[in-house]
Amino acid sequence: MNDDAFDELVALYRQSANETAPRRLDARVLRATVAHASARRAWPWLALAFAASLLLWLGTYRAASPGAADEATRAYLLQMDVTPPAAGSQVGLAAGTHGDIYREMP
Amino acid sequence: MIKRSTIALVALLLAGQAQAGELPKGWFTSGSAPESYDFGVRPGDRHPGGRNAYIRAQAQARGFATLMQTVDAQAYRGKRLRLSGYLRTHDVLSAALWMRIDSATQRGAAFDNMGPRALHGDTQWKRYEIVLDVPPNAQAIAFGFLLEGRGEVAADDFRLEEVGKDIPVTGMAQPIFPTAPDNLDFSQ
């Protein structure tokens, strides 16, 4: 018995045993599979779009809120080294010391 | 090949020098991202023949930059000090005068960066001031003007001078303590 004949025999057997799926069901399974594959392909793009929106929002918020920027600037100004470059070899500010914050530099 | 690279390098350095501009004598740059900003002096328009200092943000500038000086506080200890200067801004996120007085044990024993009085957007020449008390153990006084984010700020005619106690201080106030203990026996 060749393959075609065998396939035909199996098909006849299944038909007689009511194992053949209706065409409507096949179509629905196919549609569901295609939809699932599309959704899986879309997820990375959705995640990327969400991340980009978040970055854009953060950037806009920071640019549009001088208050937050002012706080950061204030904190930096309060801590930064104010030693003039020309005096750098003689006197420097030592951060984190509990005594005199001005110390002689080598 | 080497010659061409050398010429390109020299051209790049010269371009960088031209962009950086000339710093005003006695002033130096600092801030969280001074490399994002250009500094310089140019002929001013407040006085005939005068010059203005400026800070200009480069494209996509981040942080802030300042032109500043630091002086010894010894001559000002116990006095009230006023920093004043004229500023003009163009399309800035934030620009301001600032002054910080460090004591022997504390950075920013007195401090003001104009906070809510900072300049935004476009402004014409106007005088601004900061007034702080100099602690008796003050070591250094740092001051300057700053630009943050974008645009350009120009500065002119700064003054650092002693003022009377009738001039109110700005910025962080020094805590005022009683001169003597009180009600130690809880009788009141």
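Scroll up to find the structure this text is about.
Residues numbered from 1 in each chain as written. Chains lettered and ligands numbered in written order. Predicted model: local features only at pLDDT ≥ 70, side-chain atom pairs only at ≥ 80, totals over all residues.

**A short note on the overall build of chain B**
Turning to step 1, where the next piece is worked out: Looking only at helices and strands, chain B has one helix and nine strands in total.
Turning to step 2, where the next piece is worked out: Contacts in chain B between residues at least 24 apart in sequence constitute 77% of all its contacts with a sequence separation of at least 6. (Helix = DSSP H or I, 4+ residues; strand = E, 2+ residues; numbered from the N terminus. Contact = placed C-beta atoms within 7 Å.)

**Brief notes about the overall build of chain A**
Turning to step 1, where the next piece is worked out: Helices and strands together make up the secondary structure of chain A, namely three helices and two strands.
Turning to step 2, where the next piece is worked out: Sequence-ordered secondary structure for chain A, helices as α and strands as β, is α-α-α-β-β.

**Details of the nonpolar core**
Residue and element names in this part refer to chain B.
Turning to step 1, where the next piece is worked out: The biggest cluster of nonpolar side chains holds 48 residues, and the ones touching the most others in it are A95, A96, I101, F145, L147 and V153.
Turning to step 2, where the next piece is worked out: Broken down by secondary-structure element, the contributors of at least two residues to this core are strand 2 (37–43), strand 3 (51–57), strand 4 (64–72), strand 5 (80–103), strand 6 (110–112), strand 7 (119–133), strand 8 (138–148) and strand 9 (152–163).
Turning to step 3, where the next piece is worked out: For this core, the element with the highest residue contribution is strand 5, accounting for 11 residues.
Turning to step 4, where the next piece is worked out: Look past the residues within four positions of F145 in its chain and what remains in contact with it is T66, L67, G85, L87, A95, A96, L97, V153 and A155. (Core = buried A, V, L, I, M, F, W, Y, C linked by C-beta atoms within 7 Å. Buried ≥ 20, exposed ≤ 12 C-beta atoms within 10 Å, placed from the backbone.)

**Some points on helix 1 (residues 3–16) of chain A**
Turning to step 1, where the next piece is worked out: Counted at 1.5 Å a residue, the expected span for helix 1 of chain A with its 14 residues is 20 Å, and the 20 Å between its end C-alpha atoms agrees.
Turning to step 2, where the next piece is worked out: For helix 1 of chain A, a buried count of zero out of 14 residues is recorded, marking the element as mostly open to its surroundings. (Expected span 1.5 Å × (residues − 1).)

**Overview of the interface of chain A and chain B**
Turning to step 1, where the next piece is worked out: Contacts between the two partners involve 18 residues from chain A, matched on the other side by 25 residues from chain B.
Turning to step 2, where the next piece is worked out: It is helix 3 (residues 66–79) of chain A that provides the largest number of residues to the side of chain A that touches chain B, a total of nine residues.

**So, the environment of D91 of chain B**
All names here are of chain B.
Turning to step 1, where the next piece is worked out: On the secondary structure map, D91 appears in strand 5.
Turning to step 2, where the next piece is worked out: Along the chain, D91 and R150 lie 59 residues apart, while their C-alpha atoms are 6.9 Å from each other.
Turning to step 3, where the next piece is worked out: Aside from chain neighbours lying at most four places away, what touches D91 is G121, D122, R150 and G151.

**Remarks on the environment of D133 of chain B**
Residues and elements named next belong to chain B.
Turning to step 1, where the next piece is worked out: Mapping D133 onto the fold places it in strand 7.
Turning to step 2, where the next piece is worked out: A residue is classified by how many C-beta atoms lie within 10 Å of it, and D133, with 19 of them, is partly exposed.
Turning to step 3, where the next piece is worked out: For the pair formed by D133 and T170, sequence separation is 37 residues and the distance between their alpha carbons is 9.3 Å.

**Remarks on the pairing of strand 9 of chain B**
Residue and element names in this part refer to chain B.
Turning to step 1, where the next piece is worked out: Here four bridges tie strand 3 to strand 9, and the two strands are oriented antiparallel to one another. What sits directly across from A53, in strand 9, is A155.
Turning to step 2, where the next piece is worked out: Bridge count between strand 5 and strand 9: 10 bridges; the pairing is antiparallel. Of the residues in strand 9, the one forming a bridge with L83 is L160. (Pairing = 2+ DSSP bridges.)

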